[in-house]
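Coordinate analysis (summary)
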Amino acid sequence: MSAGRPIPPAGVDAVRRVLLGAGTAGGVRITDVRTGASRRWRRTWLDSADWRLHRNGLALELHRTGATGRLVVHGAGAGELACPADGVTFPCRVAGLPAGELRDRLAAPLALRALLPLTDLSGTADDLAVLDEREKTVVRLTLETVEASGDPAGRGALRLDEVRGYPEHARRVTATLRAAGFDVRVVGDRLARPLAEAESALRAAGLDPGRLPGDLPRRIAPDTPADRAVAMVLSAFLDELEAAVPGTIADLDPEFLHDLRVAVRRSRAALALAGDVLPAVAVEAAARELTWLGDLTTPLRDLDVHLLDLPELATRLTAFAPADLDPLAAHLTRHRERERRLLVRGLRSPRFARFVAEWRAVLERVAAEGAEGTAVGELAADRVRRADRRFVRPGRRITDSSSPRHLHRLRKRGKELRYVLELFAPVLDRGHQRALVRELKAVQDVLGVFQDSEVQQETISGLAERMIAENGSDAPVPVGTLLAMGELVTHLRQDQDTARAAFGARFAAFVRPRVRRHVTALTPPTRITPPVRAVPLTRAAPPAGVTVSVGDAVPVRGVGDVVSTGGVVVPGDPVAPAGSGSRSRPVGARAGAGSAG
Amino acid sequence: MKVVATYAIKGGVGKTTAAVNLAALAAADGLRTVLWDLDPQGSATFLFRVRPRVRGGARGLVRGRRPLDEAVKGTDVIGLDLVPADFRYRTLDLELDAMRKPTRALRRLVEPLADEYDLVVLDCPPSVSLVSESVVHAADLLLVPLIPATMATRSLDQLVEFLDALGAGGHDGAAVRRPEVLAFLSMVDRRKRLHRELAETLPKELDTISEVVIPALSVVERMADERSPVTVFAPRSPATAAYTRLWTEVACRLGLLEAR
């Protein structure tokens, strides 16, 4: 309800009075408003942590009356499906739901993800029927009051359900009630009604349906100072990381750990590709902790991937039966439990808590204070140009005789380019950005299969050795299992060869002129002025050539006093601390050096 | 989507009453239901307080100038919509006769509703006509009310003969789909010995006659005053219980309630 409108008196009677006093207009006459019984309701909305149901146009609710529960799913061509939910506790995976049509409907969109209770609402609902001169219902209204909504007058919201074939009545009732200050939400058809309900319930609970913690901030513009923009983006990645921690610790589903690792990887990539606009010392500390987190999470994720891939790999066995791989699955599961305990310990450690707190404080300060200097739009163009060049040049040098190491390195460069395109997405032209990502993905897919097959072959061979060593002679690994693992390695080798053969054509497609045009459009010539906070700065602008010694206390805005790692101040350029690698190269050093390709 | 048609060769046998109550029960069971009042008298339309008028009339509909879903009106029963009657439906036969493949016309008109509805109920005018042929072709189940009289089985025999003839070829020469037939005794007065005897014996003699009997009760007659299905305004009456049993049988035959 917007300010300045009259506040209507609460309740059903007020709605009746307003509508009956409206008279006849546009051939629409309201003769009566009938009220039905008042209902109490209590509902829990459920979805995965990444809104898979919402993104598929579905809303899942748990309706509770006393000790019994009913699950109801609405929307997306499913109409409405329901099943009893007695004995089901949430969070739960799809396999934990009662077998039937509802579970089948949710299986594909949810896949591995657990269902989490998102919000719980209760209140009262009063139905009203608006009648025409034939005393026929032409509009249905529900006055819904949410408990604890902070609305002391208890006015609630009026949901308006148009009765099919009477659109003019719905328009008239909406206009009349809105003019009187009521909050009217028009719901179209029967299918949209529960979806709109879910949407408003979730928003009322302070949630933003469909939005993920790692989604980039909407308020970044091309002229936003680069340091602020990068800090905001890194804050979003930190949100994503933190959001994944409880689910990872509770082991609700394997995707939480995956999300956590994606957040770590994105953060590391952002630091590597644009961290030079942030305080160097803080960047260095964060990079170290992110590397630690990456290492901490790798063993468990690797085991998850093997366990998840195993059923599919087993179907490819020809000479052996899938059951021959059971001892391998048991081995992986045993190790998984051990690795999980180690990971949980790490995520609960003071080190992790300190990293999150300190990193967030740095990012918030930089994001709030901003700085003059390079605008993020310019930085984006510069970084896309560089990342593209770093991918295309070695890519052109790949031949049939290149070693797997070269292909692996190229894949990493491709990832860098992908991250740059995603990192700066808010300030890049959407059409060109998406098109380039799509083309890049086609190359990365074959490089991915190539590399993954390589790694899996090595892993399976390594696992065989470990299983033999661990089982000893008392309970030897069945020969069938080892031979089946050998057959898997053969299949993986074939996958790798196929991917290798496909690489040439995919890469050639990426460097064809049509795709180069996207790069040119995304990288207009830039004149990047160096950012203020590329490396530790002295309080007074140091004259050119002044050396900052290792150990000097240097005040840095947004961080406080930091200890310099040393370097020489170049006119107009920040100091490049010794040993900090190419990441700390002055931003503008190679600006305008010609476009890639 | 399934199509049920209430059909009788003669009028006043409880055909519209059955169509309206079954449609209301289907909607209450959560099926998205639409009732098409094909009878130009428009009794079902009157009952639901809807104006008996369809833009373009019979001609507009059968010639496809106006899609059927444009004519649909919501009723006071949640989940139940209505395609109202129109006095111009009395010329529906003539309109159909002027078309190619007239027996297929109703099915063609109803098919686009499949995305929106689980069940279509056709309330047909009492006659043996081209409209009847088209209804038979469109329906998955023909629901036939029978008055408990010694001639009751004869009218059912006539219907079966009619369906057999249609199977060999309808008005336009093309074979007509043969729907399942479910007859039931309607307006049964338990005080009459003949009614009681027929209600007892007929379902045993013929598989096509349901064991469910719809009683002649004053509460059913009150529908016209209440302007509402008896299942809605008198949910605890014996009439509602009887219609509920009949609906369950219909729904099971059509496989509509199995998944729920």
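The rules behind each value
- Residues numbered from 1 in each chain as written.
- Chains lettered and ligands numbered in written order.
- Predicted model: local features only at pLDDT ≥ 70, side-chain atom pairs only at ≥ 80, totals over all residues.
- Heavy atoms only, no water.
- Helix = DSSP H or I, 4+ residues; strand = E, 2+ residues; numbered from the N terminus.
- Contact = heavy atoms within 4.5 Å.
- Areas by Shrake-Rupley, 256 points an atom, 1.4 Å probe, with all protein chains shown as cover.
- Buried < 20%, exposed > 50% of the residue type's maximum accessible area, 1.4 Å probe, protein only.
- Pairing = 2+ DSSP bridges.
- pLDDT = per-residue confidence, 0-100.
- Expected span 1.5 Å × (residues − 1).
- Bend = angle between axes of the 7 residues up to and from the residue.
- Patch = residues over 30% accessible without salt bridge, like charges linked within 9 Å, V, L, I, M, F, W, Y side chains within 5 Å.
- Salt bridge = Lys/Arg side-chain N within 4 Å of Asp/Glu carboxyl O.
- Lys, Arg positive; Asp, Glu negative; His and termini not counted.
- Charge placed at Lys NZ, Arg CZ, Asp CG, Glu CD.
- Axes fitted to C-alpha atoms, helices over the stretch in contact; angles between N-to-C directions.
- Parallel < 35°, antiparallel > 145°, perpendicular 65-115°, else oblique.
- Nonpolar A, V, L, I, M, F, W, Y, C, P; charged D, E, K, R; others polar.
- Core = buried A, V, L, I, M, F, W, Y, C linked by side-chain atoms within 4.5 Å.
- Polar contact = N/O pair within 3.5 Å; in protein donor to acceptor, adjacent residues only side chain to side chain.
- Right-handed = clockwise from strand over helix to strand, strands pointing away.

When helices and strands are tallied, chain B shows 13 helices and eight strands. Partitioning the contacts of chain B with sequence separation of at least 6, the portion at a separation of at least 24 is 78%. For chain B, the exposed surface amounts to about 11500 Å²; the carbon and sulfur share of it is 49%.

Time to look at the pairing of strand β4 (residues 80-83) of chain B. All names here are of chain B. Along β4, one buried face is formed by Leu80 and Leu82 and the opposite face, lined by Asp81 and Val83, is buried too. Here strand β2 (residues 33-37) runs beside β4; their pairing, made up of four bridges, is parallel. For Val34, the partnering residue across the bridge sits in β4 and is Asp81. Across two bridges, the pairing between strand β3 (residues 73-74) and β4 is antiparallel. Of the residues in β4, the one forming a bridge with Lys73 is Leu82.

Residue and element names in this part refer to chain A. Mean pLDDT over chain A works out to 80, with 81% of the residues at or above the 70 mark. Predicted confidence for residues 188-192 stays below pLDDT 50, and this span has eight contacts to residues more than four positions away or in other chains. Note that residues 531-597 has pLDDT below 50 and, in this model, 131 contacts with residues that lie over four places away or in other chains.

Quick look at helix α8 (residues 280-315) of chain A now. For α8 of chain A, spanning 36 residues, the distance from its first C-alpha to its last is 50 Å, which sits close to the expected 52 Å at 1.5 Å a residue. Maximum bend of α8 of chain A: about 40°, positioned at Asp309 of chain A, with proline Pro311 of chain A one to four residues after it.

In this section: a positive patch on the surface. Residues Arg134 of chain A together with Arg51, Arg53 and Arg55 of chain B make up a contiguous surface patch of positive charge. With respect to the secondary-structure elements, Arg55 of chain B resides in the loop between α2 (43-47) and α3 (57-62). Residue classification places Arg55 of chain B among the exposed positions, given a relative accessible area of 63%.

Looking now at the packing of helix α9 (residues 326-347) of chain A against helix α13 (residues 430-471) of chain A. All names here are of chain A. One can describe the packing of α9 onto α13 by two numbers: an axis separation of 11 Å at closest approach and a directional angle of 85°. With respect to α13, the axis of α9 lies roughly perpendicular. Packed against α9, whose contacting residues are Pro327, Leu328, His331, Leu332, His335 and Arg338, the element α13 presents Leu463, Arg466, Met467 and Glu470 at the interface. Within the contact of α9 with α13, the residues separate by chemical class into five nonpolar, two polar and three charged.

Residue and element names in this part refer to chain B. Helix α13 (residues 238-254) packs onto helix α1 (residues 15-28) with a crossing angle of 75° between their chain directions and a minimal axis gap of 10 Å. Between α1 and α13, the crossing angle belongs to the class labelled roughly perpendicular. For the pair formed by α1 and α13, the contact residues are Thr17, Ala18, Asn21, Leu22, Leu25 and Ala26 on the first element and Tyr243, Thr244, Leu246, Trp247 and Val250 on the second. Along the lines of polarity and charge, the residues of the contact of α1 with α13 split into eight nonpolar, three polar and no charged.

An ideal rise of 1.5 Å per residue puts 46 Å on 32 residues; helix α14 (residues 479-510) of chain A measures up with 46 Å between its terminal C-alpha atoms. Its axis deflected by about 35° at Phe503 of chain A, α14 of chain A carries its strongest bend there.

What follows covers unusual backbone geometry. Across the junction of Phe90 of chain A and Pro91 of chain A, the peptide omega takes the value 5°, indicating a cis bond. Topologically, Pro91 of chain A is positioned in the loop between β4 (80-84) and α3 (101-110). With a phi angle near 55°, Met187 of chain B is a residue other than glycine that sits in the positive phi range. Relative to the assigned elements, Met187 of chain B resides in strand β7 (residues 180-188).

Moving on: the sheet that holds strand β1 (residues 2-6) of chain B. Residue and element names in this part refer to chain B. Read from one edge to the other, the open sheet built from eight strands follows the order β3-β4-β2-β5-β1-β6-β7-β8, with strand pairing classed as mixed. Two strands close off the open sheet at either side, each with one partner strand: β3 and β8 (209-215). Taken together, the three bridges between β7 and β8 define a ladder with parallel strand orientation. Within the sheet, the bridge partner assigned to Ala183 lies in β8 and is Ile209.

Before going further, it helps to examine the nonpolar core. Grouped together as the largest cluster of nonpolar side chains are 78 residues, with contacts concentrated most on Leu278, Trp359, Phe424 and Phe510 of chain A. In this view, Phe424 of chain A contacts Ala274, Val376, Leu379, Ala380 and Arg383 of chain A; residues no more than four positions away in its chain are not counted.

Once that is clear, we can look at the interface of chain B and chain A. Interface size is commonly expressed as the accessible area that is lost once the parts come together. Chain B puts 19 residues into the contact, and the matching count from chain A is 11 residues. Here chain B is connected to chain A by two salt bridges. Among the ionic pairs, Asp76 of chain B bridges to Lys136 of chain A, the shortest N-O distance being 3.6 Å. Taken together, the links from chain B to chain A amount to 10 residue pairs in polar contact (both at pLDDT 80 or more). Residues belonging to the side of chain B that touches chain A are distributed by class as follows: eight nonpolar, three polar and eight charged.

Our next topic: the pairing of β8 of chain B. A large share of β8 of chain B lies buried, amounting to six of its seven residues. The parallel pair β7 of chain B and β8 of chain B, bridged by helix α9 (residues 193-205) of chain B, forms a crossover whose chirality is right-handed.

Here we come to the environment of Val213 of chain B. Residues and elements named next belong to chain B. Relative to the assigned elements, Val213 resides in strand β8. Linking Val213 and Pro203, residues 10 residues apart in sequence, is a C-alpha distance of 9.7 Å. Setting aside residues up to four positions removed in sequence, Val213 forms contacts with Leu185, Val188, Arg190, Ala199 and Ala242.

Mapping Leu257 of chain B onto the fold places it in the segment after α13. Ignoring anything within four residues of it in the chain, the contact list for Leu257 of chain B reads Asp29, Trp247 and Ala251 of chain B.

Another aspect to go through is the pattern of salt bridges. Tallying each qualifying case throughout the model produces 48 salt bridges over all chains. Of the charged contacts in the structure, one is a salt bridge between Asp304 of chain A and Arg336 of chain A, with a shortest N-O distance of 2.5 Å. Of this pair, Asp304 of chain A sits in helix α8 while Arg336 of chain A sits in helix α9, placing them 32 residues apart in sequence. As a salt-bridge pair, Asp164 of chain B and Arg178 of chain B come within 2.3 Å of each other at their nearest N and O atoms. Here Arg178 of chain B lies in the loop between α8 (152-168) and β7 and Asp164 of chain B lies in helix α8, a separation of 14 residues in the sequence. Relative accessible area serves as the criterion here: at 44%, Asp164 of chain B is assigned to the partly exposed category. Given a relative accessible area of 47%, Arg178 of chain B falls into the partly exposed group. Among the charged side chains, a network of salt bridges with common partners joins Asp50, Arg52, Arg55, Arg113, Asp253, Glu255 and Asp259 of chain A.

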